[in-house]
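The chain contents come next:
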Amino acid sequence: MSQQFQDKKSESRSTESPFAPHTEEDVQAMLDAIGAESVEDLFDVPSSVQFDGSFGIESSSEQEVVRDVSDTLARNDQLTEFLGRGRYEHYVPSIIDNLSLRSEFLTSYTQYQPEIAQGFLQALFEYQSMLVELTGLEVANCSMYDAATALAEAALLADRVRGTSGSKVLVSDLVREERLSVLENYLIGSDMTVETYPTVDGATDPTALADNVTDETVMIYVENPTAVGTIEENLSTVGDIAEEHDAAFCLGTDPVALALLEEPSNVGADVVVGDASALGLSPAYGLGLGLFACREDYLRQVPGRLVGASEDANDNRAYTLTLQTREQHIRRERATSNICTNQAWVALRTAIHVAWLGATGLVDLAEECVQLPRELAADLNDIDGVTAPVHDRHHFREFLAETPRDAERVAADLESNGFAVHAVDEHQVQVCITDANRSERDEFVEAVREVVA
Amino acid sequence: MSQQFQDKKSESRSTESPFAPHTEEDVQAMLDAIGAESVEDLFDVPSSVQFDGSFGIESSSEQEVVRDVSDTLARNDQLTEFLGRGRYEHYVPSIIDNLSLRSEFLTSYTQYQPEIAQGFLQALFEYQSMLVELTGLEVANCSMYDAATALAEAALLADRVRGTSGSKVLVSDLVREERLSVLENYLIGSDMTVETYPTVDGATDPTALADNVTDETVMIYVENPTAVGTIEENLSTVGDIAEEHDAAFCLGTDPVALALLEEPSNVGADVVVGDASALGLSPAYGLGLGLFACREDYLRQVPGRLVGASEDANDNRAYTLTLQTREQHIRRERATSNICTNQAWVALRTAIHVAWLGATGLVDLAEECVQLPRELAADLNDIDGVTAPVHDRHHFREFLAETPRDAERVAADLESNGFAVHAVDEHQVQVCITDANRSERDEFVEAVREVVA
Amino acid sequence: QAVWSETDDSRYETLLAEKNEQTVDVEERTTLPDELTRESVTLPELSEPEIARHYTRLSQMNYGVESGPFPLGSCTMKYNPKFTEEVAALADAAVHPDRSAESTQGTLAVYARLQDYLGRIGGMDAVTLQPPAGASGEFTGILVARAYHEHNDEGNRSKVIVPASAHGTNFASAVMAGYEVVELPPSDDGRVDIDALEAAVGDDTAALMLTNPNTLGLFERDIEEIAEIVHDAGGLLYYDGANLNALLGQARPGDMGFDIMHFNLHKTFATPHGGGGPGAGPIGVTADLAEFLPSPHVRADGESYELYEPERSIGKVHGAMGNWLVLLKAYAYIERLGDEGLTDTSAKAVLNANYLGSQIDLDIPFGPFHHEFVASAGDRDAADFAKRMLDYGVHPPTTKWPEIVSEALMTEPTEMESQDTLDQLADAFNAVAGENEESLSTAPSSTAARRIDQTSAARNPRLSWHALE
Amino acid sequence: QAVWSETDDSRYETLLAEKNEQTVDVEERTTLPDELTRESVTLPELSEPEIARHYTRLSQMNYGVESGPFPLGSCTMKYNPKFTEEVAALADAAVHPDRSAESTQGTLAVYARLQDYLGRIGGMDAVTLQPPAGASGEFTGILVARAYHEHNDEGNRSKVIVPASAHGTNFASAVMAGYEVVELPPSDDGRVDIDALEAAVGDDTAALMLTNPNTLGLFERDIEEIAEIVHDAGGLLYYDGANLNALLGQARPGDMGFDIMHFNLHKTFATPHGGGGPGAGPIGVTADLAEFLPSPHVRADGESYELYEPERSIGKVHGAMGNWLVLLKAYAYIERLGDEGLTDTSAKAVLNANYLGSQIDLDIPFGPFHHEFVASAGDRDAADFAKRMLDYGVHPPTTKWPEIVSEALMTEPTEMESQDTLDQLADAFNAVAGENEESLSTAPSSTAARRIDQTSAARNPRLSWHALE
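Residues numbered from 1 in each chain as written. Chains lettered and ligands numbered in written order. Predicted model: local features only at pLDDT ≥ 70, side-chain atom pairs only at ≥ 80, totals over all residues. Heavy atoms only, no water.

We now examine the overall build of chain A. If you tally the helices and strands in chain A, you get 14 helices and 14 strands. Dimensions along the principal axes, computed over C-alpha positions, put chain A at roughly 80 × 55 × 55 Å. Across the 453 residues that make up chain A, the buried fraction comes to 66%. When the accessible surface of chain A is split by element, carbon and sulfur atoms take 41% of a total near 14400 Å². Counting 30 positive and 81 negative side-chain charges, chain A places the averaged centre of each group 2 Å from the other. (Helix = DSSP H or I, 4+ residues; strand = E, 2+ residues; numbered from the N terminus. Buried < 20%, exposed > 50% of the residue type's maximum accessible area, 1.4 Å probe, protein only. Areas by Shrake-Rupley, 256 points an atom, 1.4 Å probe, with all protein chains shown as cover. Lys, Arg positive; Asp, Glu negative; His and termini not counted. Charge placed at Lys NZ, Arg CZ, Asp CG, Glu CD.)

Structure follows, in structure tokens:
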């Protein structure tokens, strides 16, 4: 059938909502088809609750909004950040924006119709596969919100899978308080509470840990690297202690560290959590990607979404969300979690980043995370009065440095010099270095030299 | 057929060229298949001309190059530009980058296989259609390089289509010298030379023009708006004069101006040229989009690419490059032009911009180009010693202002204050204002007030 | 209409690991002692062009709102304006969450203004932006309710009432916050059954969670009475913001008597769904509840902005300050539309749903509906019905839910569709309605992947490429 | 492999103007007097979501290098690294061309460095970046040659010699520059026939334009002798840079005796082709010719950069300074690769062409070839052969050119293809070679648009939507 020039409209658009396409004639025709007099008539809202005020928000052109937001955000100071503590910056290659912003990915929904969502499903399947490889565990989900909520979900999982009841989640005292706060909130519906165990010189001491574990311990949580950048040295012992007490061993980490450090499955980890967006995304004020992986025998208790391989009616390989009966939209109050919307698009970005780096690139990036802080600590240690690193450990990306002056003042003075560091306590600052800020290293060392004097 | 897990490779990449995918094993296997010992053996280059030196260019990581280019370009001063003279800035909506950067558009080639290039072909067909609507002429091509080369090609076209021989291209004395230089170079292979005619108070005076036209005049070229921002008032007379002498009337303009100003076809224009990238692209240091439209009876002499509608074997509407026998790859030395690679992607961007604005938006944008300079000129005129506009005409986007101090010094002082304007002659500066710089208007007026004193 | 690819083996994209992977000897490449490191890692090893083609191909096997109509009920799949991605990509937006408040005044200004905007739009006194998704907002809201009751020495309130037709997250969130869920059966007209509600409330009621318009698209006309019943019993009223796209500028939850609400920025405020997230689920509360909001909260202090801990804060529900980039995009969207644009958005969303409803040959048992409706596939299986719709080049509606409508097709076209695309959708509905059962049960036939075997996926889980070897 | 869409009417996208257009009364909306304005304008009037879907759909109907193999001979369709788009999008890159040199030191630094890099890569003493495309570079180069001869009182040289197998632009550019073209027949081995060249040169010879490797992929082994012949006759030797992707780091035109060359940045230096442009065609010249280069030229002046007019400049060939953003992307690409990457690029490009050539069942009459080869479709029509290749999901080679090979299939896979995609290409070649003529003449059958009627398009030109009414 030859396609002729179709009915040509010539109509003016109704312009109040810039993203609704209706012409005035459309609106009238649609109302006629409905049999309504006006759009207002379609609303079945009692007049007593109708809103007849105004929000007092003026509409602006795209140009104006772009300018307003640019100008507003320009109130952020231009600082070179030497910040870490769980949220890391690595160079994000251009290809990640280019591919992940393709509207077929960015504007799609959760893959409830897998036949037209094979692309995203495969990308998530590949993301899961990368985490399986990196953790050595058999199962990884499509994402939690961030490291803190992943940790919290791990505790709830540990409680569900444990044969006997228990009441404690035991956590290294190096873990950030923000994570503990989230964990505590998630435990409200359970019988569990959080306890911390003391670390020694920036790492878990098996004896101190063993002293704190009881049969009430549902889960032991350790991070590697820790929030102060040290590399844990006794994880296998932690795994043994956990096993002895029928507690789950949950390890917190990230995908760059995983490429280099001891494989979680080799030290007896049952669950691995963390922030996977160290690859794929800028620090983004903490917008994260909750990494969640666990042993296969926990599979039916996993929170969040899982993509599985299957076949279609033509016996071709195909992917689909699977084991959905764990989820809230089916199991409701008996679901493994309430999570629904997650961080899928960030997972896509992380997967692209891992693919872009490749095995070699990822390992080399991780090794850089060992060497850069070693070198920077040595430079800082050369400054009169500064001791770095504070802990006699191997470090990953970051370390503590002891300063003669008050750490808060040092941090504030560094900020005036254009550098952001974290003040840990009275005389300690924490410093994080990666490929993202390494080019400013010499200027940073110079600034520290100035401000500690 | 069920798709099984395929042969899995595990190979290391040959990494010298980051954009070549070969593993070392691939290279060996391919050499074996070819029957060659080494890649070097595949080159049939006499040793006397083999290059065994080095370029002295170090390779860098993506991150390093991005930083280097950013740092280098940061050496450009941050100026708010009040510059025009043929290259204009209008706000470019985000959607243009998002859509035009889709790799199917950006990385495609000229549409020699139309069956798999319908998308770009349709976009170019729509671009042509928009120009046909705006110029009132029947034919628009897919692009020349820029306004200057479009003008030059128009003169060559005028020569080809003219019944009798002629030797002059007559050009308004307001036309930028850069365009005249390009025009003169393009006329080297013809018998034509360029002459200018004097304008009066910033516009074409019919009498002065008529005095300069002879039967040797092959083409008359006028711009509207002119390079000093004035709107021409006697274009119909220009058209009449051209017709009387069997000269082609070529009008220079741009798509924003076309939405408002007299329709070229109504004043007897035979060819319309200009820079269409005023929509769709930033000033981009002069990367342009040569607009080229003409009368239907010139069709077979048009330079550059043309997209036409046709049908495919199923009688569906389809698009294809057409009338290619005009072009160099077929007609070689008898082609209408040597142009091959053109500015197609910019044309795509311009078309998206026109579509985004819509008829109403485009007309309103053009009217803003009338009102903004009127208001700014009034503000400047209020400054002691400044006369603006210099020409007692209607203006479009820009105008001349007379300053008491030397114009070069005024421009230099404004530059120190963060503003760029063009110094025209001893006591005149040219000022251009659009939606892109209007928000800096008050600061600009203040700066002018300071520096002219 | 969408282009589905043809069906043959070449339509499938091999996995990254199948293209090339490499095992790297880690100990060889590190200066760390062996006992701290793994031995090796095996991952894909490809060139950038191969990666570009891989993901380009995958994107082509995916359907988004720019591919065609996407009337997924309750999901509000509306257009995501491009410029919001541009502002989210600004270098100034990428600061580290541990930066000082003094050095992040721009970011905090956006937080403060968005808190303010959402408060005005919802009719709420205070807003937190910390919850990273709608379900997290629900959980946070119920935690706030819990803290409120405990503060008032009413910690014994142990139940949250949820209508049967509510989103599954309501049930799960209430349980996570330590409550028992009381399910409320619907009345015959699809709305809250006032008698059942009165029977359900009591001094053990912590809250009623309500969606309004509800999942059938119906406005709970008796909302004021409902609020009175719950409040009289000492409970709080929670508004599930999933359907707010129906009411912008028309009615505000705060004005209806709701004490707590969440906003789904990725639904109502046009941030992209990203194949499942990130979203953002800010919650708004009345003045009485403001002191319980998560920490930190942002407030203006003269010309500048500061972070502080609300007096009786529940603490944190996210490790940082929520999904910042999503918040930023929603802020830009709200600024773009303003009062008039927001109000018109809901008007057009409701117009579109009603027009589409008027054009399809299926029973829509409940009305008058607003931005969405639930049609019944009748004696057809709704899931099959949806699969067959794929063959007409459109995304189908949400299926088999809410259960109050048998074989439900829950349909929400949003304001972004034109009359033309609505007609295209109606044609797809009507064509499928006229087909025989076999055609439905074997559908889809024109998509890249044909009907996918869910049972085998669940029975024999293969969750990584390792499991395919 | 690529996904072609199915064939039915729904696969076609209606024109913007068919979706909605509006006639605006211009006089009503302007403050200008009526006599200066048009009466009305009629253009599309659509919402942003409609525009997004329109162009997304159009993009899906287009094939780029990220869609699959694209072995168009002589076009060098290689991967365009994404990060080069990022640097081109920097705000600092968007300055106005009339800015002062003092205020654009960053831009000028890139010009100066790229001039230097290209000079080193080509073995040339001076480079101008002004020509916006390869053909413009040819034209500029011949203008420079002309200016040189005129300056030396040899303005009577009136002929440019061009081998028959050269790109059509060579002929057209020489004529535009005012020369008569003398076509040089090839020798039996596909290279320059030395005897014919000697017969063709004389005191009227302005230049010989040569592509090396030539369009058959063959290196002109006698290049030194050729240079001597031309130079002895007082002519200049011009290098067409279209095939430079074969020689990076292997051999330099300047070292072979060429006096003038152009670079196709959009071929050799990986800037995207953009569906036809923009490209960039810088030219390099020997020291003797530098003073004739276009104006302005960029040079370093201590730490800073300045613009100046070369002493005997030909003037301008572009209104500004050429296609700046393309230059910037090529600069970034060269910095990324450096010596080793550039050299390896050509090595892999030549390896790929030779491997592909070894895998196909068609005659390749001339060799040894480098980055491309020209196979013969034998008794098949090469254009039909190419159309049928579309059905195998790949882009076909350039067809029917150069004419020295009957039914030519000119094939250039570039370095970006892997052994796997080369095998896929070989399979497509070989499958089509084994098919009957009807299958070829009715192809393609799996593309969105089937074979398009070129004759009717040319006979009845419909060049705008107005012509469709």
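That covers the picture; the talk isn't over yet.
The subject of this paragraph is the nonpolar core. Counting residues in each nonpolar core, the largest one holds 430 residues, and the members touching the most others are Tyr-55 and Phe-269 of chain C together with Tyr-55 and Phe-269 of chain D. The residues touching Phe-269 of chain C, leaving out its near neighbours within four places in the chain, are Leu-118, Ile-121, Leu-244, Leu-248, Phe-263, Asn-264, Ala-330, Tyr-333, Ile-334 and Leu-342 of chain C. Formed by 70 residues, the second largest nonpolar core is a distinct cluster that contains Val-175, Tyr-221 and Val-302 of chain A together with Met-209 of chain C. (Core = buried A, V, L, I, M, F, W, Y, C linked by side-chain atoms within 4.5 Å. Contact = heavy atoms within 4.5 Å.)

Let us look at the interface of chain A and chain C. Taken together, the contact pairs 168 residues of chain A with 195 residues of chain C. Carbon and sulfur atoms make up 60% of the area that chain A and chain C hide from each other, which totals about 15600 Å². For chain A, the biggest contributors to the area lost against chain C are Phe-19, Phe-55 and Tyr-285 of chain A; these three give 7% of the whole. Connecting chain A to chain C are 11 salt bridges. Where Asp-364 of chain A meets Arg-29 of chain C, a salt bridge forms, and the shortest distance between an N and an O atom there is 2.8 Å. At the boundary of chain A with chain C, the tally comes to 98 residue pairs in polar contact (both at pLDDT 80 or more). Sorting elements by how many residues they give to the side of chain A that touches chain C places helix H12 (residues 344-381) of chain A first, with 19 residues. Among the residues making up the side of chain A that touches chain C, the classes are represented as 83 nonpolar, 50 polar and 35 charged. (Buried area = accessible area lost by both parts, 1.4 Å probe. Salt bridge = Lys/Arg side-chain N within 4 Å of Asp/Glu carboxyl O. Polar contact = N/O pair within 3.5 Å; in protein donor to acceptor, adjacent residues only side chain to side chain. Nonpolar A, V, L, I, M, F, W, Y, C, P; charged D, E, K, R; others polar.)

Before going further, it helps to examine the sheet that holds strand S12 (residues 373-376) of chain C. Residues and elements named next belong to chain C. Strands sit in the order S12-S14-S13 across an open sheet of three strands; the sheet is antiparallel. Of all strands in the sheet, those bounded by a partner on one side alone are S12 and strand S13 (398-399). For S12 and strand S14 (residues 408-411), the ladder comprises four bridges, and the chain directions are antiparallel. Residue pairing for S14: Ser-376 is matched across the bridge by Ala-408. (Pairing = 2+ DSSP bridges.)

Right, let's talk about the interface of chain B and chain D for a bit. With 168 residues of chain B at the contact, the number on the chain D side is 195 residues. Together chain B and chain D conceal approximately 15600 Å² of surface at their shared face, both sides included; 60% is due to carbon and sulfur atoms. For the chain B face of the interface with chain D, the top three residues by lost area are Phe-19, Phe-55 and Tyr-285 of chain B, together amounting to 7%. On inspection of chain B and its partner chain D, the count reaches 11 salt bridges. At the surface where chain B touches chain D, the tally comes to 97 residue pairs in polar contact (both at pLDDT 80 or more). Counting residues per element, the side of chain B that touches chain D draws most heavily on helix H12 (residues 344-381) of chain B, at 19 residues. In terms of residue class, the side of chain B that touches chain D is made up of 83 nonpolar, 50 polar and 35 charged.

Moving on to the side chain of Gln-115 of chain C. Residues and elements named next belong to chain C. With respect to the helices, strands and loops of the structure, Gln-115 is situated in helix H5 (residues 105-122). When its relative accessible area of 11% is taken as the criterion, Gln-115 is described as buried. Residue contacts for Gln-115: discarding those within four places in its chain leaves Val-127, Leu-129, His-297 and Val-298.

Next up on the list: the packing of helix H13 (residues 407-416) of chain A against helix H14 (residues 441-452) of chain A. Residues and elements named next belong to chain A. At a minimum axis distance of 9 Å, the contact between H13 and H14 shows a crossing angle of 130°. By the angle class used here, H13 and H14 are oblique. As H13 packs across H14, the resulting crossing turns out to be right-handed. Residues Val-410, Asp-413 and Leu-414 of H13 form the contact with H14, whose own contacting residues are Phe-444, Ala-447, Val-448, Val-451 and Val-452. Each residue belonging to the contact of H13 with H14 can be placed in one class, and the counts come to seven nonpolar, no polar and one charged. (Axes fitted to C-alpha atoms, helices over the stretch in contact; angles between N-to-C directions. Parallel < 35°, antiparallel > 145°, perpendicular 65-115°, else oblique. Left-handed = near helix turned anticlockwise from the far one by under 90°.)

Residue and element names in this part refer to chain C. Within chain C, residue pLDDT values average 95, and 97% of them lie at 70 or more. Every residue in residues 1-10 is under pLDDT 50, and counting partners more than four places away or in other chains gives 43 contacts. Across the assembled chains, the prediction reports ipTM 0.97 with pTM 0.97. (pLDDT = per-residue confidence, 0-100.)

Before going further, it helps to spend a moment on the UniProt feature "domain: Glycine cleavage system P-protein N-terminal" (unreviewed entry) in chain A. The sites that UniProt annotates as "domain: Glycine cleavage system P-protein N-terminal" (unreviewed entry) are residues 20-439 of chain A. A helix fraction of 36% and a strand fraction of 15% characterise residues 20-439 of chain A, whose end C-alpha atoms lie 47 Å from each other. (UniProt positions renumbered as here; feature names shortened; annotations may be inferred.)

Turning our eyes to something else, we now look at the pattern of salt bridges. Side chains bearing opposite charge may pair, as long as their charged atoms lie close to each other. Throughout the structure, instances matching the rule amount to 105 salt bridges over all chains. The closest approach of N and O atoms between Arg-102 of chain A and Glu-104 of chain A, which form a salt bridge, is 3.6 Å. Comparing Arg-102 of chain A with Glu-104 of chain A, the two get one shared label, buried. A salt bridge links Glu-327 of chain A to Arg-305 of chain A; the nearest nitrogen and oxygen atoms lie 3.4 Å apart. Within this pair, whereas Glu-327 of chain A is found in the loop between strand S10 (317-321) and helix H11 (328-331), its partner Arg-305 of chain A is found in the loop between strand S8 (290-294) and strand S9 (307-311), the two being separated by 22 residues in sequence. Look at Glu-327 of chain A and you get buried, because its relative accessible area is 2%. A single salt-bridge network, built from bridges that share partners, covers Asp-44 of chain A together with Asp-189, Arg-191 and Arg-221 of chain C.

Throughout this description, disulfide means a covalent bond between two cysteine sulfur atoms. Residue and element names in this part refer to chain A. By the definition in use, this model includes zero disulfides over all chains. The structure places no disulfide on Cys-250, whose sulfur is separated from the nearest cysteine sulfur, that of Cys-294, by 10 Å. Note on Cys-250: relative accessible area 0%, which makes it buried. (Disulfide = S-S within 2.5 Å.)

With that out of the way, let us pick up the confidence of the model for chain A. Across chain A, the average pLDDT comes to 95, with 97% of residues at or above 70. Counting contacts from residues 1-7 of chain A, a segment whose pLDDT is below 50, to residues more than four positions away or on other chains yields 19 contacts.

This brings us to the pairing of strand S10 (residues 297-301) of chain D. Strand residues, when the strand is regular, have side chains that alternate between the two faces of the sheet. Residues and elements named next belong to chain D. Here S10 pairs with strand S11 (residues 304-308) via five bridges, running antiparallel. Looking at the pairing, His-297 lines up with Tyr-308 of S11. Where S10 folds back onto S11 in an antiparallel hairpin, the turn is made up of two residues, including Gly-302, whose phi is positive at roughly 70°.

All names here are of chain C. Among the structural elements, Gly-367 can be located in the loop between helix H12 (324-359) and S12. According to the relative accessible area criterion, Gly-367 is partly exposed, its value standing at 34%. Taking the C-alpha atoms as reference points, Gly-367 and Glu-35, separated by 332 residues in sequence, lie 68 Å from one another. Not counting residues within four places of it along the chain, the set of residues in contact with Gly-367 comprises Arg-191, Leu-218 and Arg-221.

All names here are of chain D. Here we have seven strands laid out as an open sheet, ordered S3-S9-S8-S7-S6-S4-S5, and mixed in their pairing. Unpaired on one side and paired on the other, strand S3 (126-128) and strand S5 (180-184) mark the two borders of the sheet. Averaged over all pairs of adjacent strands, the angle between strand axes in this sheet comes to 20°, irrespective of strand direction. In this sheet, strand S6 (residues 205-211) lies alongside strand S4 (residues 159-163) in parallel orientation, the contact comprising three bridges. Across the sheet, residue Lys-159 finds its bridge partner in S6, namely Thr-205. Packed on one face of the sheet, helix H6 (residues 134-151) meets S4, S6, strand S7 (236-240), strand S8 (260-262) and strand S9 (283-285) and runs near 170° to S7.

As a further point, take H12 of chain C. With 36 residues, H12 of chain C ought to run about 52 Å at 1.5 Å a step, yet its terminal C-alpha atoms sit only 41 Å apart, falling short of that. For H12 of chain C, a buried count of 32 out of 36 residues is recorded, marking the element as mostly surrounded by other parts of the structure. (Expected span 1.5 Å × (residues − 1).)

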